[in-house]
Amino acid sequence: MKNIAVIGAGTMGNGIAHTFAQFDYNVQLIDISQASIDRGMATITKNLDRMVAKEKISEADKNRTLGNITTYTSIKEGVQNASLVVEAATENAELKAKIFTELDEVCPADTILATNTSSISITQIAGVTKRPELVIGMHFMNPVPIMKLVEIIRGYNTSDETMDFIVDLTKKINKIPVEVNDYPGFVANRILMPMINESIETLYNGVAGVAEIDTVMKLGMAHPMGPLQLADFIGLDVCLSILNVMYDGFKNPKYAPCPLLVNMVNAGKLGIKSGEGFYDYSESRKAENVAKMFS
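Computed from a predicted model, the values in this text were never measured in an experiment. (Residues numbered from 1 in each chain as written. Predicted model: local features only at pLDDT ≥ 70, side-chain atom pairs only at ≥ 80, totals over all residues. Heavy atoms only, no water.)

K.L.:
Sorry, what's going on with unusual backbone geometry here?
P.N.:
Trans peptide bonds make up the majority, and among non-glycine residues the majority have a negative phi. With an omega of 0°, the peptide bond running from Asn142 to Pro143 counts as cis. Its place among the elements puts Pro143 in the loop between strand E6 (135–140) and strand E7 (149–154). One non-glycine residue with positive phi stands out, namely Asp24, at about 70°. Mapped onto the elements, Asp24 comes out in the loop between helix H1 (11–22) and strand E2 (26–30). (Helix = DSSP H or I, 4+ residues; strand = E, 2+ residues; numbered from the N terminus.)

K.L.:
Looking at this model, I keep getting lost on the packing of helix H10 (residues 227–234) against helix H11 (residues 236–250). Mind explaining?
P.N.:
To characterise two packed helices, one gives the angle between the axes of the helices and the distance between these axes. Their axes nearest at 5 Å, the elements H10 and H11 cross at an angle of 95°. For the element pair H10 / H11, the angle class is roughly perpendicular. Contacts between H10 and H11 pair Ala231, Asp232 and Ile234 from the former with Leu236, Val238 and Cys239 from the latter. Residues belonging to the contact of H10 with H11 are distributed by class as follows: five nonpolar, no polar and one charged. (Axes fitted to C-alpha atoms, helices over the stretch in contact; angles between N-to-C directions. Parallel < 35°, antiparallel > 145°, perpendicular 65-115°, else oblique. Contact = heavy atoms within 4.5 Å. Nonpolar A, V, L, I, M, F, W, Y, C, P; charged D, E, K, R; others polar.)

K.L.:
Explain the pairing of strand E8 (residues 176–181) here, please?
P.N.:
Remember that side chains alternate between the two faces of the sheet whenever the strand is regular. Bridge count for E7 against E8 is six bridges, and the pairing is parallel. If you follow Ile152 over to E8, its bridge partner there is Glu179. Following the chain from E7 across helix H7 (residues 160–172) to the adjacent parallel E8, one finds a crossover that is right-handed. (Pairing = 2+ DSSP bridges. Right-handed = clockwise from strand over helix to strand, strands pointing away.)

K.L.:
Would you take a moment to explain the pairing of strand E4 (residues 84–87) for this structure?
P.N.:
Along E4, one buried face is formed by Leu84 and Val86 and the opposite face, lined by Val85 and Glu87, is buried too. When strand E1 (residues 3–7) meets E4, the two strands line up parallel, connected through four bridges. Each residue of the ladder has a partner; that of Val6, found in E4, is Val86. Sheet topology places E4 next to strand E5 (residues 112–115); four bridges connect them, and they run parallel. Bridging from a neighbouring strand, Leu84 pairs with Ile112 of E5. Each parallel crossover has a hand, and the one from E4 via helix H5 (residues 93–106) to E5 is right-handed. (Buried < 20%, exposed > 50% of the residue type's maximum accessible area, 1.4 Å probe, protein only.)

K.L.:
Explain the packing of aromatic side chains here, please?
P.N.:
The geometry of an aromatic ring pair is captured by two quantities: the separation of the ring centres and the angle between the planes. Under the definition given, this model contains four aromatic pairs. Ring pairing ties together the aromatic residues Phe20, Tyr25 and Phe140, which thus form one cluster. A cation over an aromatic ring shows up here: Lys2 above the ring of Tyr25, its NZ or CZ 4.7 Å from the ring centre. (Phe/Tyr/Trp six-rings, centres within 6.5 Å; stacked < 30°, edge-to-face > 60°. Lys NZ or Arg CZ within 6 Å of the ring centre and 35° of its normal.)

K.L.:
Would you take a moment to explain the environment of Thr71 for this structure?
P.N.:
In this fold, Thr71 is placed in strand E3 (residues 69–72). With 35 residues separating them along the chain, Thr71 and Ser36 place their C-alpha atoms 11 Å apart. Contact partners of Thr71, with chain neighbours within four places excluded, come to Leu29, Ile37 and Met41.

K.L.:
Before we go on, may I ask you to explain the nonpolar core in this structure?
P.N.:
Where a protein is soluble and globular, its nonpolar side chains tend to be buried together. With 36 residues, the main nonpolar core has Phe20, Leu29, Leu84, Val86, Met138 and Phe140 as its most contacted residues. With 28 residues, the next largest nonpolar core counts Ile200, Cys239, Leu243 and Tyr281 among its residues. (Core = buried A, V, L, I, M, F, W, Y, C linked by side-chain atoms within 4.5 Å.)

The following block contains the structure:
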């Protein structure tokens, strides 16, 4: 396998494309607009430049990696020779169903279809295709070029051959695959999102402020960043989507999103991507200034 298509040039998609390309796979990076493609490629270039500056790779490595990526604005054109497609679009079940329906129609019959979903059922996604045995979850962590973990999620009909192949491929790109079963949120987000949601509830109930909550978790629990900062980094809209998937899937009120989170998303306060969430990022992408509404 040398040809890998990646659907979506956003944060996760460009990171996945970067990683495969760095390990000399031919990557077809696909998005619906040239502007999205350009932003994705600019991010990949910036991240590679940072690696060169830190002497982790050479300038030649950077140029080789960029040369391994070809871009497309058409799924049909981009997946023609792909042995594997990794979908990394927005965490929305209807959108993913639409993409996988198209992929099933236009990809070669033996192409493995993977999704980077962080919460949506692999079995549900596979159900819109005629090749459920070739559908699997590959949940990369952000930032993809740095984080080692990939959750590998087997759908109800995913074959042993598909699972074994993807586990082996994950190791070849210097990641650590962990096999998990297909339930809402899998492992990472089933544990992480309730913690983030409870942190937002703690703020909502006036127990402590933004910086105080994050400081407790950083100094007391040795977390590299506080849960509210992490929520901003992930995107509050993404957090809300994942919590809703888990709440719908388990029908358990402990997964119900905090009203404050809902209101912030409705107000467009999405974290780093919008310039403001629990922190204000107008001057720096670091969580240095608490957002005005919480200060």
